[in-house]
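Now for the letters of each chain:
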Amino acid sequence: MCYAIPGNVKSITGDLITVDYFGEERKARNDFYDLQVGDYVYAQGGFVVQKIDERDAEEILDTWKELFFELKETDVKLSRLYNDKPNLDKNFLKIIDRATYGKSISHQEALRLLLSEDPDEIDVLHKTANFIRQKFLGNACCVHGIIEFSNICKSQCAYCGISSSNTTLKRFSLGTDEILGVVADAVKRFGFKGIVLQSGEDPSYKSEDIIGLIKKIRNNSPVFIFLSVGEREEAFYQKAFDAGARAVLFRFETSDSNLYSKLHPHSSLEKRIRYLELFKDIGYIIASGSLIGLPGQKAESVIDDFMFAKDLGCDMYSFGPFIPHPDTPLSGHDAPSAEYVLKALSVLRLIDPYGKILVTTALESLNPQARRMALMGGANSIMLNLTPKDYVNLYDIYPNRATVDVSIENQIADALQLLKSIGRAPTDLGI
Ligand code: 5AD
């Protein structure tokens, strides 16, 4: 089981290296290792995350050799574009044609696509998004693991089940040794190369604890570390970077400042955006996005969010449906349909041909087929849940979360089977 292909170092210029994968060259930044040309490494998110022994690397490469090219071939076949619908609207086709060549589409054009109710148009939209993903990003699909280590939260986001206003929820917080155990298993036993450490905004978890945890992970189980711990003091994020974290998953939730204020009485959109700018300045890889289908959110606002995320320079997009939680002020509202969210993700792919697009667990919770459908409609990244089973149900941000009752072994087996069937390599080769 591999979530990354060993790469062979071809050249080194300062902290930037060129890595070869079966004749394909990619760049990666090396912040952590003393490397020579000819060494083997794992890269993830554009960073070298592990140096590997030559013999181990060659053994793993041997198992990948044929599969690497087989998967590519399947992907190319499945993402081919052919026009079997001659009677489509001319205006629609003009937008699709331009996007196919990687040209950016305007707000108005994106909205035209998102508002389409025509099944033929929607089918062409998904296929075009898949074609663009294949053309500009190839068949790599990131598979990261997420550990939800605390459901204690001081904030009161109106949609969120772990908001401090929900007094009925039993709270938990994993100790650092427990988290280290989960990460060690994820990295050493299951082969994850990227993990997300996620929690509510838990003041009982001291910044020093998280920084200590990052250092220990880097020493014991080298892996690409995403932080998703919300709004903490600004100095924390520099220290966490220095300790070895390299990415932040931090949604802006909505780019509509009025809606933002209504949903987040404890904060402001301005403050949220300042954090994202801070992360960029420090040098983090940014994964961000918003909730699709929030009460009071129009389709225009979804496109605003996409444009906003693109302008922000997101490396990965995390856009998922709002799902009403019974113990929140938004309990009486409806979730959007999975079809609407899938359509939106395809529009996002046309807006940005290059960013990674995550299939969120929330979307998978609306429809068990949604992971496959999203991957066939422009998305190229998934997350598996590593939270220990005694706690995973308590991380109750929304009800009926997909995969909470599936063991990590089975989640991996399901993901690999799906990716293989659609010609995607469970690996992140980078840029
Ligand atoms: N439905 C969907 N996503 C939610 N989140 C919180 N509550 C909900 C909900 N009811 C998302 C937020 C947050 C992420 C960790 O979980 O967007 O950023």
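Bringing the pattern of salt bridges into the picture now. Under the counting rule described, the total for this entry stands at 21 salt bridges. A salt bridge links Glu24 to Lys72, with the shortest nitrogen-to-oxygen separation between them at 2.7 Å. One end of the pair, Glu24, is in strand 3 (residues 24–29); the other, Lys72, is in helix 1 (residues 54–78), with 48 residues separating them in the sequence. Overall, the relative accessible area of 22% leaves Glu24 in the partly exposed class. Assessed through its relative accessible area of 22%, Lys72 is described here as partly exposed. For Asp75, the salt bridge identified is with Arg424, shortest N-O distance 3.4 Å. One end of the pair, Asp75, is in helix 1; the other, Arg424, is in the segment after helix 15 (408–421), and 349 residues separate them in sequence. Several salt bridges share partner residues, and in doing so they unite Glu231, Glu253, Lys271 and Arg272 into one network.

Viewed as axis vectors pointing N to C, helix 10 (residues 299–312) and helix 11 (residues 338–351) meet at an angle of 40°, and their least axial separation amounts to 11 Å. On the basis of the axis angle, helix 10 is oblique to helix 11. For the crossing formed where helix 10 meets helix 11, the hand is right-handed. Here Ala299, Val302, Ile303, Phe306, Met307 and Lys310 of helix 10 lie close against helix 11, whose contacting residues are Tyr340, Ala344, Val347, Leu348 and Ile351. Taken together, the residues of the contact of helix 10 with helix 11 sort by class into 10 nonpolar, no polar and one charged.

Soluble, globular proteins show a tendency: their nonpolar side chains are buried together. Counting residues in each nonpolar core, the largest one holds 108 residues, and the members touching the most others are Phe192, Leu197, Leu227, Tyr237, Phe279 and Tyr284. By residue number, the principal contributor to this core is helix 11, which donates nine residues. With 33 residues, the next largest nonpolar core counts Leu71, Val196, Phe224 and Ala425 among its residues.

Conventions adopted
- Residues numbered from 1 in each chain as written.
- Predicted model: local features only at pLDDT ≥ 70, side-chain atom pairs only at ≥ 80, totals over all residues.
- Heavy atoms only, no water.
- Salt bridge = Lys/Arg side-chain N within 4 Å of Asp/Glu carboxyl O.
- Helix = DSSP H or I, 4+ residues; strand = E, 2+ residues; numbered from the N terminus.
- Buried < 20%, exposed > 50% of the residue type's maximum accessible area, 1.4 Å probe, protein only.
- Axes fitted to C-alpha atoms, helices over the stretch in contact; angles between N-to-C directions.
- Parallel < 35°, antiparallel > 145°, perpendicular 65-115°, else oblique.
- Left-handed = near helix turned anticlockwise from the far one by under 90°.
- Contact = heavy atoms within 4.5 Å.
- Nonpolar A, V, L, I, M, F, W, Y, C, P; charged D, E, K, R; others polar.
- Core = buried A, V, L, I, M, F, W, Y, C linked by side-chain atoms within 4.5 Å.

Shape descriptors only; they carry no functional weight alone.
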